[in-house]
Amino acid sequence: MFLIASAVIFAIYFANVVSGALWNSAYLGDVGEMLVLFAATILFVVAILKKEADRKQKNGR
């Protein structure tokens, strides 16, 4: 779930960058881009840590 949320938020960031580069009409400012990328990064880290915890619990370590 966290990994999908991270991918969706990163897609929003990517769409903003592409629209700014191609059509010069970015809908997020600098701070908005930073916050969206930060949120995607945090969600990605949470997803990876949860997967690692599940793997450790499955292996019994």
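Rules and cut-offs
Residues numbered from 1 in each chain as written. Predicted model: local features only at pLDDT ≥ 70, side-chain atom pairs only at ≥ 80, totals over all residues. Heavy atoms only, no water. Helix = DSSP H or I, 4+ residues; strand = E, 2+ residues; numbered from the N terminus. Rg over C-alpha atoms; globule rule 2.2 N^0.38 Å. Buried < 20%, exposed > 50% of the residue type's maximum accessible area, 1.4 Å probe, protein only. Contact = heavy atoms within 4.5 Å. Areas by Shrake-Rupley, 256 points an atom, 1.4 Å probe, with all protein chains shown as cover. Lys, Arg positive; Asp, Glu negative; His and termini not counted. Charge placed at Lys NZ, Arg CZ, Asp CG, Glu CD. Expected span 1.5 Å × (residues − 1). Arc of directions from axis to C-beta.

(A) Spotlight on the overall build of the protein chain. Tallying secondary structure elements over the protein chain gives two helices and zero strands in all. Here the C-alpha atoms of the protein chain give a radius of gyration of 15 Å, more than 25% beyond the 10 Å that 2.2 N^0.38 yields for 61 residues. Dimensions of the protein chain along its principal axes, counting C-alpha atoms only, are 55 × 20 × 15 Å. Within the protein chain, the proportion of its 61 residues that are buried is 11%. Residue pairs in contact within the protein chain that sit at least 24 positions apart in sequence constitute 55% of those at least 6 positions apart. Of the roughly 4,800 Å² of accessible surface on the protein chain, a fraction of 69% belongs to carbon and sulfur atoms. Side-chain charges in the protein chain split into 6 positive and 4 negative, and the spacing between the mean points of these groups amounts to 19 Å.

(B) How the structure looks around the environment of K51. Locating K51 in the fold gives a position in helix 2 (residues 30-59). Between the C-alpha atoms of K51 and L3, which are 48 residues apart in sequence, the distance is 10.0 Å.

(C) Spatial organisation of helix 1 (residues 2-23). The first and last C-alpha atoms of helix 1 sit 31 Å apart over 22 residues, in line with the 32 Å expected at 1.5 Å per residue. Buried within helix 1 we find S6, N16 and S19. On an axial view of helix 1, the arc spanned by its buried residues comes to 160 degrees, and they lie on one face. Opposite the buried face of helix 1, at more than 90 degrees from it, the exposed residues are I4, A21, L22 and W23.

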